[in-house]
Amino acid sequence: MTRLLNHGEADGSTGGPGDQQCTTDGPRAGRDATRPGDRSHGSHRARGDCRALGCGRAVRALTRTPAAAGLPANVEVVGGDFTEPESLDPALRGVDSVFLLWTAPPATAEAVVERLASHTRRVVFLSSPHQTPHPFFRQPNPMARLHAEIERLITAAGLESTFIRPGMFNSNARLWWAPTIRDGGVIRWPHGAAETAPIDERDLAAVAAHTLFEEGHSGGDYVLTGPESLSQAEQVAVIGDVLGRQIPFEELSPDEFRRATEGIWPGPAVEMLLDAWGATVGCPAYVTSTVADVVGAPARTFRQWVSEHADAFRKAPAK
């Protein structure tokens, strides 16, 4: 059997939020997502790259630019484009299950899902926690609406499905703060008290690998987070602690943040984040144990991620 992964060309950072009150299962814990049954997965943690994903099975990756994919030699790389659904047919022939990461405008979503249903039986869809009862995830935004619609299309097509719903990503810290930290500057950021539970992308990939290659995940609806609730200011402090120096943090108002990002960030993304951060101030982040439940090993902490990526925050030595 062949598994198809669509190799997203969009930047993988951010993750996404979806007048709610704080809803938690404990002081800093969220309720686990729906699982199709209790299962034991052992202690192996797939590392999320295609070498680990292979597990002796055939893997095919779909991308708009095969020459630039940079994937391991044992992965069959094929060309295709969601904006041209007919281009997917060669990639889907003989495929048993699909990992779907949507990186295109929504206009062709229905046609793409129809193509999937005509070739395969199972889809693992990288969605977002837009149904999770926590204010960070319940703010209306275009991403949540798109994900909800694709989920509806997958269900209506009669496909076996697993929905994976990560929150914020650890890599946002590198995208948002690393340039300033490398230059020795001050992190100026809104809603420093807003708490999130960012996930290591390798843990996300490990869950995706298990749900793609193992039976028993049909109907699974998995909200994925890191193991701890940290405010944005605390995350910056963790980076400073790992680097061995204090990083100044200065609170920005939402309007100041809008002006600072104008012309650099997409306006809808700025508003989505400001709404989500503002709504969650005063609430612990929603935290699940889903990574450990599915993979059999605990999710990596934010400090672990920073320690392993510390060079991204250090100024390069002068040549």
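Above this text is the structure in question.
Residues numbered from 1 in each chain as written. Predicted model: local features only at pLDDT ≥ 70, side-chain atom pairs only at ≥ 80, totals over all residues. Heavy atoms only, no water.

Chemist: So what's going on with the packing of helix α3 (residues 109-119) against helix α4 (residues 142-156)? Residues and values would help.
Modeler: Running from N to C, α3 and α4 cross one another at 35 degrees; their axes reach a closest spacing of 10 Å. Seen along the crossing, α3 lies across α4 with a hand that is right-handed. Facing α3, whose interface residues are Ala-109, Glu-110 and Val-113, α4 presents Ile-150, Leu-153 and Ile-154. Grouping the amino acids of the contact of α3 with α4 by side-chain chemistry returns five nonpolar, no polar and one charged. (Axes fitted to C-alpha atoms, helices over the stretch in contact; angles between N-to-C directions. Helix = DSSP H or I, 4+ residues; strand = E, 2+ residues; numbered from the N terminus. Left-handed = near helix turned anticlockwise from the far one by under 90°. Contact = heavy atoms within 4.5 Å. Nonpolar A, V, L, I, M, F, W, Y, C, P; charged D, E, K, R; others polar.)

Chemist: So what's going on with helix α7 (residues 232-243)? Which residues, and what values?
Modeler: Over its 12 residues, α7 runs 17 Å from end to end, which matches the ideal 16 Å to within 8%, given 1.5 Å per residue. Residues of α7 that are buried: Gln-232, Gln-235, Val-236, Val-238, Ile-239, Gly-240, Val-242 and Leu-243. Of the residues trailing α7, Gly-244 is marked for its positive phi of about 80 degrees. (Expected span 1.5 Å × (residues − 1). Buried < 20%, exposed > 50% of the residue type's maximum accessible area, 1.4 Å probe, protein only.)

Chemist: Give a detailed account of the environment of Arg-57, specifying residues and quantitative values.
Modeler: Summarising the element assignment, Arg-57 is placed in the loop between α1 (50-54) and β2 (58-63). Arg-57 gets classed as partly exposed once you look at its relative accessible area, which sits at 36%. Linking Arg-57 and Val-75, residues 18 residues apart in sequence, is a C-alpha distance of 9.9 Å.

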